[in-house]
Amino acid sequence: MHAHYADAIADPDPILVEPGVVCLRFEVMKVRSALGAVRHLVESGLVRRGDTLVDSSSGIYAHALALACHRYGMRCHIVGSTTIDRTLRLQLEILGATLEQVRSSTDLKLDQNLRVHRVGELLLRNPRYHWMRQYHDGVHYLGYREVAETVGADLPTGPLTIVGGVGTGASTGALATYLRRAGRDVELVGLQPFGSVTFGAEHTADPDMIIAGIGSSIEFRNVRHDLYDRMHWMAFPYARAGAIDLLRRSGVFAGLSSGAAHLVARYERALAPGRTVVFLAPDTGHRYVDAAYAGHEDVPAVDGLAPRVVGGVEDLEPPWSALPLVARPVAQPARVAS
């Protein structure tokens, strides 16, 4: 029996989508990250029960941190974007978290900077607040150690390829790190939206919609560039087709990043049939009903879709590009605890 709802939804369900391709399906993946981070802070004495944990979020991390704070008896304050909807606002309120939303901006970089600036103001006024720094603090890697143990135990022995959105770097980076430390042959394939600065695609753009959560308009110090073997960039139409195909093929109802990862996983499996390919589905598809699933009958099949393989980021172009990271960018590595 689980001691708390957060524990119940933190762990993924490995689902065989097709031979050699496994979907690691989460209810809310960032709950695992937030639980591991808050538990470590409490057990190490860096925070005390009843302290206030604060961070910026556009939605999913806000929910995850509120649940982790509820689990460990902490207060939670979120500086959120206007994309946080009524359903989440009510959950945060009932869980005891407080939320303030910064003014709306159509510029993603400005929106993120406004939220981070507001967090800075709060810390000056409230020195007992602890800033979680989900984008920059390697403590967020810790919670994924248990996920890596699950993957290592449940999947067939042999080489693995992990596919997932890069985002803050914690989920894919931690899984690869812990599995490699355990002696597993692991290739790590990252997924980014066009326009993300993380791997140098800020000169590109998705004409339809930026896929939230897998890239950024500002630098994230939690991303360890050296961990990744290949990178894919995908635009909205292909990610949408991938999400619909994933639901048809397996019954997994997931978001746009999951759809994109599904397409990349199938492509990577075809390149290396001897490897088991595991892709991350970090959340459910409920937020994407209107944006992705409505009108599904007009979305073409995914068979035949493939990336344009390029030699450098200067050659990237939608709807799908792939780049082997022969010479990886130099980055300050996030500190990952043993």
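Above: the structure in question.
A few points on the structure. (Residues numbered from 1 in each chain as written. Predicted model: local features only at pLDDT ≥ 70, side-chain atom pairs only at ≥ 80, totals over all residues. Heavy atoms only, no water.)

**A look at the pattern of salt bridges**
Stage number 1. Within the structure shown, the criterion is met by 21 salt bridges.
Stage number 2. For Asp226, the salt bridge goes to Arg224, with nearest N and O atoms at 2.9 Å.
Stage number 3. Between Arg249 and Asp245 there is a salt bridge, with the nearest N and O atoms lying 3.0 Å from each other. Here Arg249 and its partner Asp245 are both found in helix H8 (residues 236-250), 4 residues apart, which amounts to about one turn of the helix.
Stage number 4. We classify Arg249 as partly exposed; its relative accessible area is 36%.
Stage number 5. Connected through shared salt-bridge partners, Glu18, Asp245, Arg249, Arg266 and Asp303 make up one network. (Salt bridge = Lys/Arg side-chain N within 4 Å of Asp/Glu carboxyl O. Helix = DSSP H or I, 4+ residues; strand = E, 2+ residues; numbered from the N terminus. Buried < 20%, exposed > 50% of the residue type's maximum accessible area, 1.4 Å probe, protein only.)

**Description of the packing of aromatic side chains**
Any aromatic ring pair is given by two values, namely how distant the centres are and how the planes are angled relative to each other.
Stage number 1. For the coordinates displayed, the defined rule picks out 5 aromatic pairs.
Stage number 2. Where Tyr238 meets Trp320, the ring centres are 6.2 Å apart and the plane angle is 85°; that geometry is what we call edge-to-face. On the criterion of sequence distance, the pair formed by Tyr238 in helix H8 and Trp320 in strand E12 (residues 320-324) is long-range, its members being 82 residues apart.
Stage number 3. Sitting above the plane of the Trp131 ring, Arg133 keeps its charged end 5.7 Å from the centroid. (Phe/Tyr/Trp six-rings, centres within 6.5 Å; stacked < 30°, edge-to-face > 60°. Lys NZ or Arg CZ within 6 Å of the ring centre and 35° of its normal.)

Keep in mind these values describe shape, not function.
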